[in-house]
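Overview (structure and organization)
These are the residues of each chain, in order.
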Amino acid sequence: MPQHGRQVLSDSVYEQIKAMVMDHEIAPGARVGIEALSRALGVSPTPVREALARLESDGLVTKRSLSGYRATELLTREGLEQLFEMRLLLEPRAAALAAAHATEEQLDALERLVEEMQTHPGPAGRYADYRGFAALDQRFHDTIAAASQRPLLADAVERLHSHLHVFRIRSAGNADAPTLAEHERVVRAILRHKPDRAADAMTEHLTRSLQRQLGQARTS
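Residues numbered from 1 in each chain as written. Predicted model: local features only at pLDDT ≥ 70, side-chain atom pairs only at ≥ 80, totals over all residues. Heavy atoms only, no water.

1. Quick word on a negative patch on the surface
A surface patch of like charges, here negative, comprises E104, E105, D108, E111 and E115. For E105, the location among the structural elements is in helix 5 (residues 104-117). (Patch = residues over 30% accessible without salt bridge, like charges linked within 9 Å, V, L, I, M, F, W, Y side chains within 5 Å. Areas by Shrake-Rupley, 256 points an atom, 1.4 Å probe, with all protein chains shown as cover. Salt bridge = Lys/Arg side-chain N within 4 Å of Asp/Glu carboxyl O. Lys, Arg positive; Asp, Glu negative; His and termini not counted. Charge placed at Lys NZ, Arg CZ, Asp CG, Glu CD. Helix = DSSP H or I, 4+ residues; strand = E, 2+ residues; numbered from the N terminus.)

So this is what it looks like as structure tokens:
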């Protein structure tokens with residue numbers, strides 16, 4: 001198979017297995033069998049192995065020496081709070097630095113991301129329905145971190161891989177509306193080069209996002 005065709009197949013298998021994990025078709029903590037998946041998807045084991053390696057770097061599966069791959073457990077309330085504790089340490093600072101140091105290209109990218117998120121359905125239903133929103137949400141936060149012009153800070157924000165774990169819990173219905181309004185406040189402050197206001201807006205966004213998630217965890 002030509003290299004391009006192999007890449008398309010690899011990406012397709014990765015997206016299919018990711019959706020199965022995100023939608024709990026592969027239950028949290030369950031074993032992920034390479035042979036069973038290759039039969040179910042009608043492909044050889046090779047793209048399945050490649051997909052699982054990528055999902056391991058996403059933090060959605062773990063590999064154990066004797067038992068193979070397993071889907072990671074859902075975040076507990078404590079784990080969710082610790083994740084947001086880290087985000088609250090890092091991302092308001094990143095937003096403040098972005099307000100001071102973002103390039104024109106990065107400012108344009110942030111504006112485009114906010115506009116594009118308005119055209120995607122928010123996090124409700126199956127992963128396939130809100131995949132675009134989740135990907136844009138990650139790019140939004142990663143772009144702000146990159147605009148801080150602090151590579152170590154940006155790397156730390158990206159390594160949290162928070163978006164997939166949080167979306168996997170299932171966000172409350174219509175959570176996209178407050179999320180978009182909060183994103184717009186962050187971007188407005190960055191565009192106006194107001195570091196303190198950008199940090200405050202990011203703190204407010206993350207705090208409210210955590211409250212929405214904890215509320216959803218209690219009702220799910």
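2. Observations concerning the packing of helix 5 against helix 6 (residues 127-147)
Here helix 5 crosses helix 6 at 160°, and the two axes come no closer than 10 Å. In terms of axis orientation, helix 5 runs roughly antiparallel to helix 6. Taken as a pair, helix 5 and helix 6 cross one another with a handedness that is left-handed. Here helix 5 contributes Q106, A109, L110, L113, V114, E116 and M117 to the contact with helix 6, which in turn contributes F133, L136, D137, R139, F140, T143, I144, A146 and A147. Here the residues of the contact of helix 5 with helix 6 sort into eleven nonpolar, two polar and three charged. (Axes fitted to C-alpha atoms, helices over the stretch in contact; angles between N-to-C directions. Parallel < 35°, antiparallel > 145°, perpendicular 65-115°, else oblique. Left-handed = near helix turned anticlockwise from the far one by under 90°. Contact = heavy atoms within 4.5 Å. Nonpolar A, V, L, I, M, F, W, Y, C, P; charged D, E, K, R; others polar.)

3. Regarding a positive patch on the surface
Taken together, R188, R192, K194 and R197 make up a surface patch of like positive charges. Residue R197 is classed as partly exposed on the basis of its relative accessible area of 49%. (Buried < 20%, exposed > 50% of the residue type's maximum accessible area, 1.4 Å probe, protein only.)

4. Details of the sheet that holds strand 1 (residues 31-32)
Here three strands make up an open sheet; going across it, the order is 1-3-2 and the pairing antiparallel. Edge positions in the open sheet fall to strand 1 and strand 2 (61-64), since each of these has one partner strand only. Relative to strand 3 (residues 68-71), strand 2 is paired through four bridges, and the arrangement is antiparallel. Opposite R64, over in strand 3, you have G68 as the bridge partner. Packing against the sheet, helix 3 (residues 45-58) makes contact with strand 1, strand 2 and strand 3, and its axis sits at approximately 110° to strand 2. (Pairing = 2+ DSSP bridges.)

5. Focus on helix 5
Given a rise of 1.5 Å per residue, 14 residues ought to cover 20 Å, and the 20 Å separating the end C-alpha atoms of helix 5 matches this to within 8%. Among the residues of helix 5, those classed as buried are Q106, L107, A109, L110, L113, V114 and M117. In a view along the axis of helix 5, the buried residues occupy a sector of 160°, so they form one face of it. Seen from the open side of helix 5, the exposed residues pointing more than 90 degrees away from its buried face are E104, E105 and E115. (Expected span 1.5 Å × (residues − 1). Arc of directions from axis to C-beta.)

6. Some points on helix 6
Across its 21 residues, helix 6 extends 29 Å between first and last C-alpha, which sits within 8% of the 30 Å expected from 1.5 Å per residue. The sharpest bend along helix 6 comes to roughly 25°, located at F133. (Bend = angle between axes of the 7 residues up to and from the residue.)

7. Some points on unusual backbone geometry
In this structure, H24 takes a positive phi of about 65° despite not being glycine. With respect to the element layout, H24 can be found in the loop between helix 1 (3-22) and strand 1. H24 gets classed as partly exposed once you look at its relative accessible area, which sits at 30%. Even without being glycine, H193 reaches a positive phi, approximately 55°. Inspection of the secondary structure puts H193 in the loop between helix 9 (176-191) and helix 10 (195-219). Residue classification places H193 among the partly exposed positions, given a relative accessible area of 45%.

8. Thoughts on the side chain of S38
Residue position: S38 is located in helix 2 (residues 34-41). Engagement of the side chain of S38 in a polar contact is seen with the backbone oxygen of E35, the distance being 2.8 Å. Contact partners of S38, with chain neighbours within four places excluded, come to V43, S44, P45 and V48. (Polar contact = N/O pair within 3.5 Å; in protein donor to acceptor, adjacent residues only side chain to side chain.)

9. Some words on the packing of helix 6 against helix 7 (residues 151-159)
In the contact formed by helix 6 and helix 7, the axes pass within 8 Å of each other and the chain directions differ by 165°. Judged by the angle between their axes, helix 6 and helix 7 are roughly antiparallel. With respect to the hand of their crossing, helix 6 and helix 7 are arranged in right-handed fashion. Side by side, helix 6 and helix 7 meet where H141, D142, A145 and A146 of the first sit next to A154, V157 and E158 of the second.

10. Examining the environment of K194
Here K194 lies in the loop between helix 9 and helix 10. For K194, a relative accessible area of 38% corresponds to the partly exposed category. On a C-alpha basis, the gap between K194 and A100 in space is 7.4 Å, while along the polypeptide they are 94 residues apart. Setting aside residues up to four positions removed in sequence, K194 forms contacts with A99 and A189.

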